[in-house]
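# Architecture at a glance
Listed below are the residues making up each chain.
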Amino acid sequence: MTSTGTGAGAATGSASGTRPRHRRLLAWVLVAAALVLGAGLYWAQPWKLWQNSTVNEALPTASTAPGPSRPGAAPAPGPKIVAQGSLISHEHSTTGTVKLIRLPDGSRTLRLENLDTSSGPDLRVWLTDAPVKEGADGWFVFDDGKYVSLGKLKGNKGDQNYEIPADVNLADYSSVTIWCDRFNVSFGAAALQAA
């Protein structure tokens, strides 16, 4: 009789001992899942896909002071479009025009006009040597060759300017992409044609 009572008591103690261990394990799993979910949301920032930021910058003007006007003198040269192209959609629907512009002082600017794309994490404007391909085949090619980042995308809508560094040889680049550096994918791109 004594052994039966002891066995029943031992079984009851063992079952109640596993419950706290299961609860602790479940609590750790829930904490780990919350941390992973929080880190994933911070990294991917999916809410940015529904946020719009419109930027409307005027075309920059040269910083040279106007000289005295003489009768019959030619007017000062204005900005000149060197190359341009139309954006096509890649990972996200993207439209607008890209223009490479030389200002009278010799500086160059990449101008996005009527841009309309999705927002996203870590979007950049790149000059690249990659060919622009339609569809999924064109999404990932822009970091395979030569490229130069002109900075973070200022807004996912509107008109905006990006200064091209003086040491960049425009002859080395044939396209522009709105590049998501976080996911290594093109949101949209344009092949550049000489104007």
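Details of the structure are given in the entry above.
Residue numbers here run from 1 along each chain, matching the order of that chain's written sequence. This being a predicted model, a pLDDT of at least 70 is required before a residue's local features are given, and a value of 80 or more before pairs of side-chain atoms are given or counted; all residues contribute to the totals for chains, interfaces and linings. For side-chain calculations, the full set of non-hydrogen atoms in the structure is used, while hydrogens and water are omitted.

So, about the overall build of the chain. Runs of E in the DSSP output that reach at least two residues are strands. Runs of H or I that reach at least four are helices, and both are numbered from the N terminus. Scanning the chain from N- to C-terminus turns up one helix and 11 strands. Of the regular secondary structure in the chain, the N- to C-terminal order runs α-β-β-β-β-β-β-β-β-β-β-β. Buried residues are those whose accessible area, probed at 1.4 Å on protein chains only, stays under 20% of the maximum for their type, while exposed residues exceed 50% and partly exposed ones sit between those limits. For the chain, buried positions account for 32% of its 195 residues. Throughout, a contact is declared for two residues whenever any of their heavy atoms are within 4.5 Å. Here the contacts in the chain between residues at least 6 apart in sequence split such that 67% fall between residues at least 24 apart.

Think of a sheet as strands paired side by side through backbone hydrogen bonds, with each pair either parallel or antiparallel. DSSP-based pairing: two strands are paired if at least 2 bridges between them are found. As summarised here, the arrangement of the five strands in space is β3-β10-β9-β6-β7, forming an open sheet in which the pairing is antiparallel. Where the open sheet ends on each side, the last strands, each with one partner, are β3 (88-89) and β7 (147-152). Here six bridges tie strand β6 (residues 123-128) to strand β9 (residues 175-180), and the two strands are oriented antiparallel to one another. Looking across to β9, one finds that leucine 127 is bridged to valine 176.

This part covers the packing of aromatic side chains. The pairing test for Phe, Tyr and Trp rings, Trp by its six-membered ring, is centres within 6.5 Å, and the orientation test on the planes gives stacked under 30 degrees, edge-to-face over 60, and tilted for anything in between. For the structure on display, the rule yields four aromatic pairs. For the ring pair tryptophan 126 and tryptophan 179, a centre distance of 4.9 Å and an interplane angle of 20° mean the geometry is stacked. Remark: tryptophan 179 occurs in strand β9 and tryptophan 126 occurs in strand β6; sequence separation between them is 53 residues. The exposure classification of tryptophan 126 matches that of tryptophan 179, with both residues buried. Ring geometry for phenylalanine 142 versus tryptophan 179: centroids 6.3 Å apart, planes at 75°, classification edge-to-face. A residue pair is termed long-range when its members are at least 10 positions apart, and phenylalanine 142 in the loop between β6 and β7 and tryptophan 179 in strand β9 qualify at 37 residues. For the pair shown, phenylalanine 142 and tryptophan 179 are each scored as buried.

This brings us to the pairing of strand β10 (residues 185-191). The element β10 is extensively covered by neighbouring structure, given that six of its seven residues are classed as buried. For β3 and β10, the ladder comprises two bridges, and the chain directions are antiparallel. Its bridge partner lying in β10, serine 89 is registered against glycine 188. Of the strand pairs in this sheet, β9 and β10 are connected by six bridges, and their pairing is antiparallel. Considered in β10, the bridge of threonine 177 is made with alanine 189. Linking two consecutive strands that pair antiparallel, namely β9 and β10, is a turn of four residues; a positive phi of about 50° is found at asparagine 184 within it.

Strand order in this open sheet of six strands is β1-β8-β5-β4-β2-β11, and the pairing throughout is mixed. A strand with exactly one partner marks an edge of an open sheet, and here the two such strands are β1 (54-56) and β11 (193-194). Pairing of β1 with strand β8 (residues 157-164) involves three bridges; the strand directions are parallel. Looking at β8, one finds that asparagine 56 is bridged to aspartate 159.

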